[in-house]
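Now for the letters of each chain:
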Protein chains: 2
Amino acid sequence: MFTETEENYLKAIYKIAQKQGESSVNTKAIADEMGTSSASVTDMIKRLSEKKLLQYEKYYGVSLSKDGQKVALNLLRKHRLWEVFLHDSLGFSWDEVHDVAEQLEHVQSDLLVDKLDQFLGFPKFDPHGDPIPNANGSFTFRNQMPLSQVRIKNSKVYILGVRQHDSSFLKYLNDLKIRPGQTFEVIQFIEYDKSIKLLSKEGDQIMLSEKIADAIFVKSNN
Amino acid sequence: MFTETEENYLKAIYKIAQKQGESSVNTKAIADEMGTSSASVTDMIKRLSEKKLLQYEKYYGVSLSKDGQKVALNLLRKHRLWEVFLHDSLGFSWDEVHDVAEQLEHVQSDLLVDKLDQFLGFPKFDPHGDPIPNANGSFTFRNQMPLSQVRIKNSKVYILGVRQHDSSFLKYLNDLKIRPGQTFEVIQFIEYDKSIKLLSKEGDQIMLSEKIADAIFVKSNN
DNA sequence: TATTTTATTTAGATTTGTCTAAAATTTTAA
DNA sequence: TTAAAATTTTAGACAAATCTAAATAAAATA
């Protein structure tokens with residue numbers, strides 16, 4: 001249907017729009033996300049615009065059309081289902097799944113996606129806690145807040161997911177045994193630098209900077 | 001490492017060499033296998049030759065180098081492991097697995113292949129009965145003969161695999177409940193046209209032409 | 001508002017993989 | 001052994017995706 005590169009552009013545009021909370025995305029942002037030049041992005045944008053996958057106004061960025069969103073969401077669905085497979089079935093750690101899923105998401109077969117979804121038991125979230133769109137493209141939402149906002153002592157926090165997905169960040173958390181599904185107690189909040197101290201079930205104390213705590217999503221009993 | 005197309009050429013050359021029982025493969029055969037023109041094949045051959053993946057003598061065809069064979073065998077290994085996954089884990093029928101595996105085999109991750117192999121229990125044969133090379137590239141061999149050569153009445157035959165993999169042929173066999181692992185009894189052999197009549201465990205009689213019988217590999221008690 | 005900085009587009013070139021048509025070579029058959 | 005047929009290669013062109021450098025437009029700033 002579409003080339004792998006076209007798909008990746010659509011996904012990048014979707015991601016940026018999501019992150020900035022606005023549908024209009026500029027050329028530079030796409031170039032940065034794709035690791036390519038602005039000139040290349042302009043070329044590709046024109047092609048995707050001709051194929052009605054996005055609206056493009058010269059010098060004023062692009063926004064995905066209904067069709068473009070559909071492609072991006074389907075890609076996201078496949079990516080996250082494969083991550084669940086790699087993590088739950090094959091035993092990959094959560095910092096290893098992304099790069100491989102990046103390749104697997106481009107395999108074209110609706111039957112495969114359906115059967116994989118079924119095999120995995122129709123999971124609603126991936127190993128990073130991100131929601132998996134269903135076949136119609138709709139997510140399950142849930143209440144979550146950055147750990148950095150939990151500032152009340154003795155709060156119990158349940159790890160739901162993370163804001164960033166780069167391997168080094170995930171490895172850091174993994175070493176601290178912080179991963180989705182784990183529970184901690186907030187035992188200290190330092191006003192001065194907004195850092196936070198957690199207590200694990202095993203009795204370990206973990207100190208997190210505001211920056212780290214802000215990238216962790218939790219459910220809290222407060 | 002190599003492009004998907006380069007990998008596919010190497011696989012095609014390996015397959016042809018295997019089938020004809022001779023390592024030297026000519027341009028036309030590759031063009032037919034790849035569904036492309038001879039001119040394109042010549043172009044690609046030159047590139048692969050420069051990369052030391054095959055020996056090429058103008059007008060006299062090519063043969064894979066050690067490195068080229070390694071790539072082809074690894075591809076075959078990945079293809080067949082994915083076929084086992086699609087069939088055994090996801091419930092694909094054996095005529096549905098090939099096209100999807102054709103895409104999956106190009107995913108680059110040694111860790112993935114190892115983990116998949118382990119997850120599947122280190123299978124030695126794929127759903128068509130073809131041997132799966134191990135990580136070193138060596139197969140498990142087994143005694144097998146074309147069903148067409150079993151000409152003695154009351155022979156028990158155990159289906160091991162097939163010579164061809166096109167979807168329509170596999171569907172035909174599937175409808176007759178002929179698939180690897182099944183057992184039949186030879187109840188008639190017609191000298192005139194070399195056709196053969198089988199009896200299934202369920203009591204069904206199945207008539208097969210010589211052409212069909214020749215494409216089915218069996219273990220026989222004779 | 002004028003100038004500088006940043007972002008975007010255009011123009012022209014490159015690589016990969018493909019094609020068709022024509023030329024060259026090898027094989028087959030008379 | 002020579003002519004015809006088949007195969008292989010070369011030449012030239014094209015589409016996709018990329019690049020750099022130059023030109024243009026928009027945004028930021030003084």
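In this text, all values refer to a predicted model and were calculated from it rather than measured experimentally.

1. Section: the protein's contact with DNA strand D
The full set close to DNA strand D counts 22 residues, and A:Thr3, A:Arg47, B:Lys28, B:Lys46 and B:Tyr56 are the nearest of them. One nitrogen or oxygen atom from the side chain of A:Ser40 is found 2.6 Å from a phosphate oxygen belonging to DNA strand D. Secondary structure elements with two or more residues in the surface near DNA strand D: helix H1 (4–20) and helix H3 (38–50) of chain A together with helix H2 (27–34) and helix H3 (38–50) of chain B. Broken down by element, the residue count for the surface near DNA strand D peaks at five residues, all from H3(A). For the surface near DNA strand D, the class distribution of residues is eight nonpolar, nine polar and five charged.

2. So, the nonpolar core
One finds A:Trp82, A:Phe85, A:Leu86, B:Trp82, B:Phe85 and B:Leu86 to be the most contacted residues of the largest nonpolar core, which totals 34 residues. If you list the elements that add at least two residues to this core, you get helix H4 (66–89), helix H5 (97–104) and helix H6 (110–119) of chain A together with helix H4 (66–89), helix H5 (97–104) and helix H6 (110–119) of chain B. Not counting chain neighbours up to four residues away, the residues in contact with A:Trp82 comprise A:Ala101, A:Leu104, A:Glu105, A:Leu112, A:Leu116, B:Trp82 and B:Leu104.

3. So, the sheet that holds strand S4 (residues 156–162) of chain B
All names here are of chain B. What the six strands build is an open sheet, ordered S3-S8-S4-S5-S6-S7; its pairing is antiparallel. For this open sheet the edge positions go to strand S3 (145–146) and strand S7 (205–208), each flanked by a neighbour on one side alone. In the sheet, strand S6 (residues 195–200) pairs with S7 via four bridges, with the strands oriented antiparallel. The residue of S7 that forms the bridge with Leu-199 is Gln-205.

4. What to know about the pattern of salt bridges
In total, this model carries 21 salt bridges over all chains according to the counting rule given. For B:Lys194, the salt bridge identified is with B:Glu191, shortest N-O distance 3.9 Å. One network of salt bridges, with partners in common, ties together A:Glu6, A:Arg47 and A:Lys51.

5. Re the interface of chain A and chain B
Taken together, the contact between chain A and chain B spans 20 residues of the former and 20 residues of the latter. Counting each side, the surface lost to burial between chain A and chain B is near 1,600 Å², with a carbon and sulfur contribution of 75%. It is A:Leu90, A:Gln103 and A:Lys115 in chain A that bury the most area against chain B; as a group they hold 29% of the surface buried on that side. In this assembly, chain A and chain B are joined by zero salt bridges. Linking chain A with chain B are four residue pairs in polar contact (both at pLDDT 80 or more). Those elements that place two or more of their residues in the side of chain A that touches chain B are H4, H5 and H6 of chain A. Examining the composition of the side of chain A that touches chain B, we find that five residues originate from one element, H6(A), more than from any other.

6. A closer look at the packing of helix H1 (residues 4–20) of chain B against H3(B)
All names here are of chain B. For the pair H1 and H3, interaxial distance at closest approach is 11 Å and the crossing angle is 100 degrees. Classified by the interaxial angle, the pair formed by H1 and H3 is roughly perpendicular. Each of Thr-5, Glu-6, Tyr-9 and Leu-10 in H1 lies in contact with H3, whose residues at this interface are Ser-40, Val-41, Met-44, Arg-47 and Leu-48.

7. Remarks on H3(A)
Given 3.6 residues to a turn, an α-helix orients residues that are three or four positions apart in the same direction. Residues and elements named next belong to chain A. For H3, built from 13 residues, the straight-helix expectation of 18 Å at 1.5 Å per residue is met to within 8% by its first-to-last C-alpha distance of 18 Å. Regarding H3, the residues found buried are Val-41, Met-44, Ile-45 and Leu-48. The arc that holds every buried residue of H3, seen down its axis, measures 110 degrees, which confines them to one face. With respect to the buried face of H3, the exposed residues turned more than 90 degrees away are Ala-39 and Glu-50. Each element contacted by the buried residues of H3 is listed here: H1, helix H2 (27–34), strand S1 (54–56) and strand S2 (62–64). Downstream of H3 by one or two residues, Lys-52 has phi in the positive range, about 65 degrees.

8. Examining the pairing of strand S8 (residues 216–220) of chain A
Residues and elements named next belong to chain A. Most of S8 is tucked away, with four of its five residues classed as buried. Note: strand S3 (residues 145–146) against S8, two bridges, orientation antiparallel. Bridging from a neighbouring strand, Pro-146 pairs with Phe-217 of S8. One ladder, built from five bridges, connects strand S4 (residues 156–162) with S8; its direction is antiparallel. In the sheet register, Tyr-158 faces S8, and the bridge partner there is Lys-219.

Rules behind the numbers
Residues numbered from 1 in each chain as written. Chains lettered and ligands numbered in written order. Predicted model: local features only at pLDDT ≥ 70, side-chain atom pairs only at ≥ 80, totals over all residues. Heavy atoms only, no water. Near = heavy atom within 4 Å. Polar contact = N/O pair within 3.5 Å; in protein donor to acceptor, adjacent residues only side chain to side chain. Helix = DSSP H or I, 4+ residues; strand = E, 2+ residues; numbered from the N terminus. Nonpolar A, V, L, I, M, F, W, Y, C, P; charged D, E, K, R; others polar. Core = buried A, V, L, I, M, F, W, Y, C linked by side-chain atoms within 4.5 Å. Buried < 20%, exposed > 50% of the residue type's maximum accessible area, 1.4 Å probe, protein only. Contact = heavy atoms within 4.5 Å. Pairing = 2+ DSSP bridges. Salt bridge = Lys/Arg side-chain N within 4 Å of Asp/Glu carboxyl O. Buried area = accessible area lost by both parts, 1.4 Å probe. Axes fitted to C-alpha atoms, helices over the stretch in contact; angles between N-to-C directions. Parallel < 35°, antiparallel > 145°, perpendicular 65-115°, else oblique. Expected span 1.5 Å × (residues − 1). Arc of directions from axis to C-beta.

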